Amino acid sequence: KAMSSKAKLKIPKLKGIFNFKSPYDVWLPVLSGVMIILCHSPISLFPLAFISLVPLLVSIRKEGLYNSFIKGLISGVVGYLGLIYWVIVAMNRYGGIDIFTSIAIMLLLVLYMALYVGIFSCIVTFLQQKYLFPLYLSAPFVWVLLEYLRGFFLSGFPWALMAYSQHNFLYFIQVASITGVYFISFLIIAVNCIFYYVWTEKRPPVVYSAVVTILIISSIIYGVLKLNDHKQEEIRKVAIIQGNIGQDVKWDEKFKAKTVEKYIKMTVDHGNGCDLVIWPETSLPFAFNMAKNIENLMKSLSVSINADIIFGTVHQENGDKFYNSAYLINRNGALMGFYHKVHLVPFGEYTPLKEYIPFLEKITVLGGSFSAGKTHNPVKSSMGNMGILICYEGIFPHISVDTVRRGAQVIINLTNDAWYDRTSAPFQHLTFYVFRAIETDRFILRAANTGISAIIDNRGRIIKKTNIFEDDVLKGDFSLSDKLTFYVRYGDWFMYVIAGVFLLFLLRFFKGSSK
């Protein structure tokens, strides 16, 4: 009787858009989403990345297109909700947007990013069911092509690429100096496919597994050689000033004089004996070119400490045109030039499409009315060419590549991560620059208003870093370089290759299925 009662038991179907047969149909995609969170910074359980998509892939194995899409969407929503929840803090606490609108904006961004995972699941299922296209030949290609698209579409938001989970695995990621960051993501998904076949068929495809293993071992061997190469150019000294100015007072007119005094005092106390002093993004929170008294003060400061100074500020033109800028004054007190931030944050620094949809200005944070600069040209210093990236420009590989192609010998990142408060965002933001250092073979000198400031060498090693929300001065060594990596010379060649190879695979299977 017990057996017969069990046989009659039926698991009720979940109604609505979740047309699943079992709770496991939900929990497996959720598990993938949780592992995506855990493998990224600040938790950084990076080995989980190599199995993070296996539950999702198993769950869509025998599903139709609709359910595959929904399951991918679930994984994406869970994963990105855990990775970019901090948008609420930036928009509400400091951006002047009410909490309900802030939550809605965050959820829309999460849903947008999750769509890529849903589309990935749908395409993989379609190719497998319609054309018997093996998952191991589709998943790595489709995932990376979609990541690449996310980096450019609608101005781009390549946050939390799968490769960034490996920021601590320096031996593995050195190959980015040849291939770029997307090759790392490709290998991670390829390994996921191997474990998928271990789960579902007990043994993975032998030739495929051998090729992936050879690629990973070769990458690690290359990484060992690169990390053991200790050749360096002339050593220079830097002092990075972390003023730790709260976002709630940063733009307060009554507090601006205190901000200037604080940075000057920290520079006088710690800048002597250095070749370069760096202040963070908008450390001078006003139009510097309209404040001649402050300009004279900064010139005197650089002469007194005998060091070049790079600082973030605002540049004003034609009365109503403002730029998020960085200036460089050399040790002789000469204003050598400035850089205007080119890639602005949508709804943070400007309102896209406001001419056509005026309502969008209401969901743009206070002060979000900057103009974009024109080029990524470096600024000349007493030592050489300083490439400058402001705020999140460093999350885009092509921007740092363009900066180095234009002659940058070191990369300076000025940022103000106070927007994110004590969330995971400052930790995630820092990890992206590990890859920019490796890709370009350049030191990264990072000045963050409230942290994390850091000195990252040209192999991606974080030599020194600060804690968040502490007054600090980070002093250390760096060097300049004129070398151009394979990746800098040829850019995203790997993406063009895999797009071509994937197209050939598709044509072959399409022809085979039509016979």
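Keep in mind that this is a model prediction, so the values were computed, not measured.

Draft legend 1. Layout of helix α2 (residues 24-39). For α2, spanning 16 residues, the distance from its first C-alpha to its last is 22 Å, which sits close to the expected 22 Å at 1.5 Å a residue. Here α2 has its buried residues at D25, L28, P29, V30, S32, G33, M35, I36, I37 and C39. Elements in contact with the buried residues of α2: α3 (54-59), α4 (65-84) and α10 (181-201).

Draft legend 2. Just the packing of aromatic side chains, in detail. Going through the model one piece at a time under the given rule, you end up with 33 aromatic pairs. Their ring planes at 90° and their centres at 5.3 Å tell us that Y112 and Y116 sit as a pair that is edge-to-face. Residue Y112 and its partner Y116 are both found in helix α6 (residues 99-131); the two are separated by four residues, about one turn of the helix. Ring centres of F126 and Y131 lie 5.8 Å apart, and the angle between their planes is 80°; on these two criteria the pair is classed as edge-to-face. These aromatic residues form a ring-pair network of at least three members: F133, F141, F183, F186, F486, Y490, W493, F494, F502 and F505.

Draft legend 3. Quick look at unusual backbone geometry. Cis geometry is found at the peptide bond from S41 to P42, where omega equals 10°. Note that P42 resides in the loop between α2 and α3. The peptide bond linking G451 to I452 adopts the cis configuration, its omega dihedral lying at 10°. As for its placement among the helices and strands, I452 is situated in the loop between β10 (444-448) and β11 (454-456). One non-glycine residue, T282, adopts positive backbone phi at about 45°. Of note in this structure, F469 is not a glycine but carries a positive phi near 55°.

Draft legend 4. Seen up close, the pairing of strand β8 (residues 385-390). The buried fraction of β8 amounts to five of the six residues, a majority that puts the element mostly inside the structure. Bridging between strand β7 (residues 379-380) and β8 involves two bridges; their strand directions are antiparallel. Counterpart to K380 in the pairing with β8 is N385. Here β7 folds back onto β8, and the loop between the two strands holds four residues. Pairing analysis gives five bridges linking β8 to strand β9 (residues 410-415), with the strands arranged parallel. Looking across to β9, one finds that M386 is bridged to V410. Since β8 and β9 lie parallel, the crossover through helix α15 (residues 397-405) that links them has a hand, and here it is right-handed.

Draft legend 5. Geometry of the sheet that holds β10. Taken together, six strands build an open sheet; the order of strands is β7-β8-β9-β10-β11-β12 and the sheet is mixed. On the outer flanks of this sheet lie β7 and β12 (462-465), each paired with one strand and no other. As defined by bridge partners, β10 adjoins β11 across three bridges and the pair is classed as antiparallel. Looking across to β11, one finds that L445 is bridged to I455. Against the sheet, α15 engages β8 and β9, with an angle of about 160° to β8.

Draft legend 6. Structural detail: the environment of I241. The topology assignment puts I241 in strand β1 (residues 235-242). The buried category is assigned to I241, whose relative accessible area is 0%. Sequence-wise, I241 and K262 are 21 residues apart; in three dimensions their C-alpha atoms are separated by 10.0 Å. In contact with I241, other than residues within four places in its own chain, are Y263, M266, T267, V277, I278, W279, P280, D472 and V473.

Draft legend 7. Broad picture of the side chain of T423. On the secondary structure map, T423 appears in the loop between β9 and α16 (425-440). Of note is the side chain of T423, whose polar atom sits 2.8 Å from the backbone oxygen of Y420. In this view, T423 contacts Y85, W86 and V89; residues no more than four positions away in its chain are not counted.

Draft legend 8. Region of the structure containing the packing of α2 against α4. Put simply, α2 and α4 touch, their axes get as near as 7 Å, and they point 35° apart. Classified by chirality, the crossing of α4 by α2 is right-handed. Counting all contacts with α2, which are made through D25, P29, V30, S32, G33, V34, I36 and I37, the residues of α4 involved are K71, I74, S75, V78, G79, G82 and L83. Of the residues contributing to the contact of α2 with α4, the split by class is eight nonpolar, five polar and two charged.

Draft legend 9. Up close: the nonpolar core. With 123 residues, the main nonpolar core has L276, I412 and L445 as its most contacted residues. The dominant element in this core, judged by the number of residues it contributes, is α10, at 14 residues. When sequence neighbours within four positions are dropped, the list of residues in contact with L445 reads V238, I240, L276, I278, V410, I411, I412, N413, A454, I455 and F478. Within the second largest apolar cluster, 24 residues are counted, among which are I264, M266, L301 and F311.

Reading the values: the criteria
- Residues numbered from 1 in each chain as written.
- Predicted model: local features only at pLDDT ≥ 70, side-chain atom pairs only at ≥ 80, totals over all residues.
- Heavy atoms only, no water.
- Helix = DSSP H or I, 4+ residues; strand = E, 2+ residues; numbered from the N terminus.
- Expected span 1.5 Å × (residues − 1).
- Buried < 20%, exposed > 50% of the residue type's maximum accessible area, 1.4 Å probe, protein only.
- Contact = heavy atoms within 4.5 Å.
- Phe/Tyr/Trp six-rings, centres within 6.5 Å; stacked < 30°, edge-to-face > 60°.
- Pairing = 2+ DSSP bridges.
- Right-handed = clockwise from strand over helix to strand, strands pointing away.
- Axes fitted to C-alpha atoms, helices over the stretch in contact; angles between N-to-C directions.
- Polar contact = N/O pair within 3.5 Å; in protein donor to acceptor, adjacent residues only side chain to side chain.
- Left-handed = near helix turned anticlockwise from the far one by under 90°.
- Nonpolar A, V, L, I, M, F, W, Y, C, P; charged D, E, K, R; others polar.
- Core = buried A, V, L, I, M, F, W, Y, C linked by side-chain atoms within 4.5 Å.

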